[in-house]
Amino acid sequence: MASGALDGFVGDDLTISGGSSVWKVIKNGVPEMFKQGPDSRFFNGKENEHI
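These numbers come from a predicted model, not from an experiment.

**Q** Before we go on, may I ask you to explain the side chain of serine 20 in this structure?
**A** Mapped onto the secondary structure, serine 20 falls in the loop between β1 (8–15) and β2 (21–27). For serine 20, a relative accessible area of 9% puts it in the buried group. Discounting residues that sit within four places of it in the chain, serine 20 has contacts with Leu14, Thr15, Lys35, Gln36, Gly37 and Pro38.

Spelled out as structure tokens, the structure:
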């Protein structure tokens, strides 16, 4: 793994019970797990809006 020969995505993306996506990668020989929520927010000039 340390050589980077196995770098890339591992397995399939997973959607958990709150709607978040979870995926795993090997980057520079180090296994990492990422999570992204189901929505986004932005400031419309008055308040944060969810999209």
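Once the structure has been displayed, the description carries forward.
**Q** Please clarify how unusual backbone geometry should be interpreted in this entry.
**A** The phi angle of most residues is negative, glycine excepted, and most peptide bonds adopt the trans form. At asparagine 28, a position not held by glycine, the phi torsion is positive, near 55 degrees. Examined against the element boundaries, asparagine 28 turns out to sit in the loop between β2 and β3 (30–36). For asparagine 28, a relative accessible area of 61% puts it in the exposed group.

About the cut-offs
One numbering rule holds for all chains: residues counted from 1, following each sequence as written. Note on the predicted model: pLDDT of at least 70 is required for a residue's local features to be given, and 80 or more for side-chain atom pairs to be given and counted; whole-chain, interface and lining totals, by contrast, use all residues. For the side-chain quantities, the full set of heavy atoms in the structure was used; hydrogens and water were omitted. Where helices and strands are cited, they refer to DSSP runs of H or I of at least four residues and of E of at least two residues respectively, numbered from the N terminus. Under the scheme applied here, a residue whose accessible area is under 20% of the maximum for its type counts as buried, over 50% as exposed, and between as partly exposed, the area being computed with a 1.4 Å probe on protein chains only. Residue contacts are defined here by distance: any two heavy atoms, one from each residue, within 4.5 Å place the two residues in contact.

Function cannot be read off these values alone, since they describe shape.
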